[in-house]
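Inside the fold
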Amino acid sequence: METMGDLLEKAREYASHSFTKEEAQRLFGWGVMDIAAKSGENDESHVFVTFENGLTLYIKYFLNLDPTETEDTCEFTLALRTDLRSRIKYDVHYSSYIHGQGYIRLRIAETENRMLQRMLEDFYVPALKMVYKPVIIQFRGFYNRDYFGVQVDNAHGDIYYSPVRYRSEHKAARIWDVIGRLNELDALLKEPEVRHALAEMDLQLSFLPSVMWSGL
């Protein structure tokens with residue numbers, strides 16, 4: 001495998017076999033740690049393959065009713081596990097240029113507690129953006145629409161590359177270029193200044209009354 005398109009072909013082929021560790025290792029060429037599968041809505045299936053090298057492949061298989069799109073039946077996201085954690089689940093990624101500069105797309109998990117949600121949107125989100133703003137340019141992709149991002153909650157952390165499917169221009173990206181950037185971003189987020197700022201924000205959230213977290 002050389003490109004993300006090659007990896008996409010392997011993901012498509014994987015759907016025609018049993019979802020076993022042995023089959024995954026044969027197709028993808030990496031040692032497999034774990035495999036999980038679940039069904040989604042609208043005839044979708046989701047398969048998660050965790051490799052021993054720290055990478056995870058999130059594959060979504062779907063039914064395409066367009067007879068002209070017979071090749072477009074799955075997409076995948078390649079991610080690298082990170083030790084970053086957050087009391088609030090969030091997803092932040094680089095987005096396209098505006099007036100020559102990239103900008104931040106950031107989402108946080110919704111809560112049932114309206115007061116907490118408002119507090120998070122008014123204070124936590126702007127503070128989180130301030131941490132990522134100086135480094136977000138490092139999350140740019142290789143093409144016009146691709147990007148890198150971070151998804152974190154209190155139990156898991158992933159640095160990921162944008163989803164790849166049949167018509168994605170960035171399926172031409174070289175796999176090792178993507179993996180190299182994932183590792184560079186992992187190192188970037190481990191820099192003391194960044195990690196301290198994120199830890200300080202999480203510490204401040206811990207001072208909120210526990211009753212406010214009941215909706216999470």
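Just above sits the structure.
Residues numbered from 1 in each chain as written. Predicted model: local features only at pLDDT ≥ 70, side-chain atom pairs only at ≥ 80, totals over all residues. Heavy atoms only, no water.

With respect to the helices, strands and loops of the structure, H93 is situated in strand 5 (residues 90-98). With sequence-adjacent residues up to four places away left out, H93 is seen in contact with Y103, I104, R105, R107, I136, Y147, F148, G149 and Y160. (Helix = DSSP H or I, 4+ residues; strand = E, 2+ residues; numbered from the N terminus. Contact = heavy atoms within 4.5 Å.)

In this section: the packing of aromatic side chains. One pair of aromatic rings is described through two measures. These are the centre distance and the angle between the planes. Counted under the stated rule, the structure contains nine aromatic pairs. Between W30 and F51, the aromatic rings sit 5.0 Å apart at their centres with planes inclined by 85°, giving edge-to-face as the arrangement. Residue W30 is found in the loop between helix 2 (21-28) and strand 1 (32-39), and its partner F51 is found in strand 2 (residues 45-51); the two are separated by 21 residues along the sequence. A relative accessible area of 11% places W30 in the buried class. Judged by relative accessible area, F51 falls into the buried class, the value being 0%. Here the aromatic residues Y14, F28, W30 and F51 are joined through ring pairs into a cluster of three or more. (Phe/Tyr/Trp six-rings, centres within 6.5 Å; stacked < 30°, edge-to-face > 60°. Buried < 20%, exposed > 50% of the residue type's maximum accessible area, 1.4 Å probe, protein only.)

Along helix 1 (residues 4-14), the residues that are buried comprise M4, G5, L7, L8, A11 and Y14. Mapping the buried residues of helix 1 onto a view down its axis gives an arc of 165°, with all of them on the same face. (Arc of directions from axis to C-beta.)

Here the focus is the side chain of T50. By the element assignment, T50 lies in strand 2. Accessibility expressed as a relative area gives 17% for T50, which makes it buried. Contacts of T50, omitting those with residues within four sequence positions, involve V32, M33, D34, L55, T56 and R81.

Right, let's get into the packing of helix 3 (residues 114-132) against helix 5 (residues 192-206). In the contact formed by helix 3 and helix 5, the axes pass within 10 Å of each other and the chain directions differ by 170°. With respect to helix 5, the axis of helix 3 lies roughly antiparallel. Between helix 3 and helix 5, the residues in contact are L120, Y124, A127, L128, V131 and Y132 and V194, A197, L198, M201 and L205, respectively. Residue composition of the contact of helix 3 with helix 5, by class: eleven nonpolar, no polar and no charged. (Axes fitted to C-alpha atoms, helices over the stretch in contact; angles between N-to-C directions. Parallel < 35°, antiparallel > 145°, perpendicular 65-115°, else oblique. Nonpolar A, V, L, I, M, F, W, Y, C, P; charged D, E, K, R; others polar.)

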